[in-house]
Amino acid sequence: MRSKTSCFNGTLFRKNLSRYWPLWGLASFGGAMFPLAMLLELLHNGFRFWSPLETRQAYYTVLSYGVPVISIVYAILCAMAVWNYLYNARSVGMMHTLPIRREGLFVTNVLSGLTMMAIPYAVTGVLLVLVSLLFGGFEPVGVLVTVLGVMGESLFFFGLATFCAFIVGNVFMLPTLYGLLNFIAVLTDFMVNLLAQGFCFGLNSSYSGTVEWLSPVVYLIQKISPNSTYETQWVTDRLGGQRYETSVLTSVTLENGWLIAAYAAAGAALLGLAWLLYRRRRSESAGDVVAVGWMKPVFRYGCAVYAAILGGRLLYALLWESFQSGQYFTLLPMILCMIAGGAIGYYAASMLLAKTPRVFKTTWKGMLAVALGCAALCGAMKYDLFGVTRRVPAPDSVKLVNVYAAGSNYYLTPGKDDALIEKVRTLHQTIIDDKDYILGYRSRTDYAFDVDTASTEMAVEDAGAQSTISNIRITYMLNSGLKVERRYSLYLTPDRMAREGTYDYLLDQLINSPEMRQKRIRWRDEGFQLDGAWIDTWRDYSDLSSREVGLILDAVAKDAENGDWGVYNWFQADNDADSYEIQIHFQYKLPESQFDRAYDAIQVNVKEGMTETIQTLKELKLITDADLVTNRERYPWQYAKGGWDQYEQFYGQFHMSPEEYYDRYGEYPAGWFGTESDDSSTETETAPAVDDSHSPSMSAGAEAAGLGIIGGADGPTVMVTTAA
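All residue numbers refer to position in the chain's written sequence, counted from 1. The model is predicted, so local features are restricted to residues of pLDDT at least 70 and side-chain atom pairs to those at 80 or more, both for listing and for counting; the totals for chains, interfaces and linings are taken over all residues. Here the side-chain values reflect all heavy atoms present in the structure, with hydrogen atoms and water set aside.

A. Representation of the overall build of the chain within the structure. Counting from the N terminus, the helices are the DSSP runs of H or I reaching at least four residues and the strands are the DSSP runs of E reaching at least two. Regarding its fold elements, the chain presents 24 helices and 12 strands. Each of the 724 residues in the chain was classed as buried or not, and the buried ones make up 47%. A contact between two residues is defined here by any heavy atoms of the two lying within 4.5 Å. Considering only contacts in the chain between residues 6 or more positions apart, those separated by 24 or more positions represent 72%. By element, 59% of the accessible surface of the chain is carried by carbon and sulfur atoms, the whole surface being about 35900 Å². Categorising residues by exposure relies on relative accessible area from a 1.4 Å probe, with only protein chains included: less than 20% of the type maximum marks a residue as buried, more than 50% marks it as exposed, and the intermediate range marks it as partly exposed. In these tables, accessible area is a Shrake-Rupley quantity obtained with a 1.4 Å probe, and a residue counts as shielded only by the protein chains included in the view.

B. Representation of the pairing of strand β8 (residues 529–537) in the model. Any two strands with at least two DSSP-identified bridges between them are counted as paired. Examined bridge by bridge, β8 and strand β10 (residues 579–589) share eight bridges and lie antiparallel to one another. Residue pairing in the sheet places Leu530 in a bridge with Tyr588 of β10. In the sheet, β8 pairs with strand β9 (residues 541–543) via three bridges, with the strands oriented antiparallel. When the sheet's bridge partners are listed, Trp534 is paired in β9 with Asp543. What sits between β8 and β9 in their antiparallel hairpin is a turn of three residues.

C. Spotlight on the confidence of the model for the chain. Per-residue pLDDT for the chain averages 82, and the proportion of residues at 70 or more is 84%. Here residues 446–465 scores under 50 on pLDDT; set against residues more than four positions off or in separate chains, the count is 44 contacts. Every residue in residues 678–724 is under pLDDT 50, and counting partners more than four places away or in other chains gives 111 contacts. The predictor attaches a confidence to each residue, called pLDDT, with possible values from 0 through 100.

D. Local environment of the pattern of salt bridges. By convention in these notes, a salt bridge is any Lys or Arg side-chain nitrogen within 4 Å of a carboxyl oxygen on Asp or Glu. Under the defined criterion, the tally for this structure stands at 15 salt bridges. Here Asp504 makes a salt bridge to Arg496, at a shortest N to O gap of 2.8 Å. On the basis of relative accessibility, which here comes to 0%, the residue Asp504 falls in the buried class. Arg496 sits in the buried class, given a relative accessible area of 10%. The structure contains a network of salt bridges with shared partners spanning Asp434, Arg496 and Asp504.

E. Highlighting the layout of surface pockets. Cavities and pockets were defined on a 1 Å grid built from protein atoms only: a cavity is a group of points that admits a 1.4 Å probe but offers it no way out, a pocket is an open group of points flanked by protein on both sides within 12 Å along at least five of seven lines, and a lining residue is one with an atom within 4 Å of any such point. Grid points are joined across faces, edges and corners, and a volume is the space filled by probe spheres set on the points. Put simply, the second largest pocket is a space of about 950 Å³. Looking at the second largest pocket, it is lined by 34 residues, and the ones nearest its centre are Val62, Tyr121, Thr124, Gly125 and Leu128. Residue assignment for the lining of the second largest pocket shows that the elements contributing at least two residues are α2 (21–44), α3 (52–82), α5 (102–134) and α6 (140–167). Sort the elements by how many residues they give to the lining of the second largest pocket and α5 lands first, with 11 residues. For the lining of the second largest pocket, the residue count by class is 26 nonpolar, eight polar and no charged. For this classification, the nonpolar set comprises Ala, Val, Leu, Ile, Met, Phe, Trp, Tyr, Cys and Pro, the charged set comprises Asp, Glu, Lys and Arg, and every other residue, Gly included, is treated as polar.

F. Fine view of the packing of aromatic side chains. By convention, a stacked pair of Phe, Tyr or Trp rings (six-membered ring in the case of Trp) has centres within 6.5 Å and planes under 30 degrees apart, an edge-to-face pair has planes over 60 apart, and any other such pair is tilted. Inspection of the entire model under this criterion finds 31 aromatic pairs. Ring centres of Phe201 and Tyr488 lie 5.0 Å apart, and the angle between their planes is 50°; this geometry places the pair in the tilted category. A residue pair is termed long-range when its members are at least 10 positions apart, and Phe201 in the loop between α7 (173–196) and α8 (216–223) and Tyr488 in strand β7 (residues 483–492) qualify at 287 residues. In terms of burial, Phe201 and Tyr488 fall into one category: buried. Taken together, a centroid distance of 5.1 Å and an interplanar angle of 40° make the contact between Tyr662 and Tyr668 tilted. Exposure class is identical for Tyr662 and Tyr668. Each is buried.

G. How the structure looks around the state of the cysteines. Disulfides are defined as pairs of cysteine sulfur atoms found within 2.5 Å of each other. Under the defined criterion, the tally for this structure stands at zero disulfides. The cysteine Cys337 is free of any disulfide, with Cys378 supplying the nearest cysteine sulfur at 9.4 Å. The exposure class assigned to Cys337 is buried, which follows from its relative accessible area of 9%.

H. Quick look at the side chain of Ser112. Within the secondary structure, Ser112 is located in helix α5. On the accessibility criterion, Ser112 (0% relative accessible area) is buried. Dropping the residues within four chain positions of it, Ser112 is found in contact with Phe13, Asn16, Leu17 and Val82.

Here it is in structure tokens:
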């Protein structure tokens, strides 16, 4: 009778499950706590029935944000359990002498690991289904999609963990390599940008997300999410019979759910590669840091590269950064620091591979290559051999352009805003061409710049003439899905702004053009969805209806067209002096989410001269003449020399803050804050005593000025929020 070769051994399978029952048993117990907690909450709320769509939304939320985090940890534990025999010489020798071929060992252990991963999810899922059936929320589509999603992610993470298990020969290296491969793209992206922004003019991003898909957990959490749609409906209270308006969930889909299938296919491919490695794996490699011969140079030089960049940057910060001139790295010290960091990583890896510290005589050639590589990389970035500094994307490669300048965001779309996009590209190219002038100006100032604080403006003196430091950000979203972002601190002077061809002139012509003034408020701009609007005055706050929003934005647009709003004065220090304490806020949902934010909010500060807007607000009964008091009139100490000293003196003399005094009497005492003296005035004598047990608080307008809000007199201040 011919013998048959089996690829599965039931005895070994059962042995694995029984031996490691605490692992999957504790995981199942932890998972069962979630449906139990949900059941208790529903019982506490009086058997509230929920809709099946709410169940689907809950499933998709857990699948999007919970399962990747749980699976990445649980998969490596299961892999360490079933493959632990590979890392001990006696254990691997015993397993390989059993009457089970390597095919049988591999398949049995893979199925054992996947089963241990599935058991806790199955227990949790069954209990959740029972709870949803009890409360009328069972939803088969959501259950099916969630089950498939959990299976796909479990296959990928266990496949990756198994692949790592056959590369290393040491049990401690397994979780280390597994964790590194899961986050290598994010780490590399951060590392490269960390180095590049110290050499490349305008580059200020610490993370670009270019190859984020190579970091599975990060990419899955970023890209997969439940997409819920709500509709406003009138419903009738079954008990009281009253009708009320509420938001009702009408549909739920899993956005980018196909990515799970793609990662599942990658997990299956990794299992295939792991099998190929196992077929050629030597039993004697147990205990080695790296068990695969061709991976040893990758390990050695990979450690050198990461240590050179991260360690070199740390050494540079400790030993030289305080001595450098200007914002960017000094070339030679940075090369030396990177060589020192690279040497640490290179020799540490060599010692681990050789299992001895005596590696210096045999590895000096490799260290020479590391040193030359550090010098070449720094030189290439310093002299922009990669074209990072000089890069201005071509018009046909751009999908969307975002410009942040003068306290506002502007979004430009090809095909509709081609002329404006070309102006942005021309401005960008001119800034690059004037790099030496900008850096030279910056090196002669003592101001500590922060290009992340894009709303910060500072007036300085340049040869007796007033100048302004203005920060701008230009972001191009490309058709390929990549993003090109540059940030610059520009030094503007009235003389250069009057000269054609300078970046000062081009920036002023762009931002103060009629087209950009309309872009600033995004009225009738396709793609932007208004998410909310409200108005703040010194007396009141109120939400705005869609009708009120339309009328107000129409009025602001007319004021912008007439030149009464939106013309930004780059050199005016007190931009909000002639503004009223009236702010209109609009929050929009962005048409593109690649800008690392989903919402954008603008604030229109109403000022003198905005006749159309003021008239509309009056007609809507949102303001009265009593609200039309400028900041200079209401808060004069902010705009007068020595005003804050008078502020403190005022409180000491009148036992109340100037704001409180003004609100009570409608004016300030004669002689205070620039008002004319009047000997006949008896204000101070007739002013009633007030409780001074509280500290004076700055009003909203004072807070705005204290925080340096830009755009009060010349345009809105943009506040960007990021949706989770």
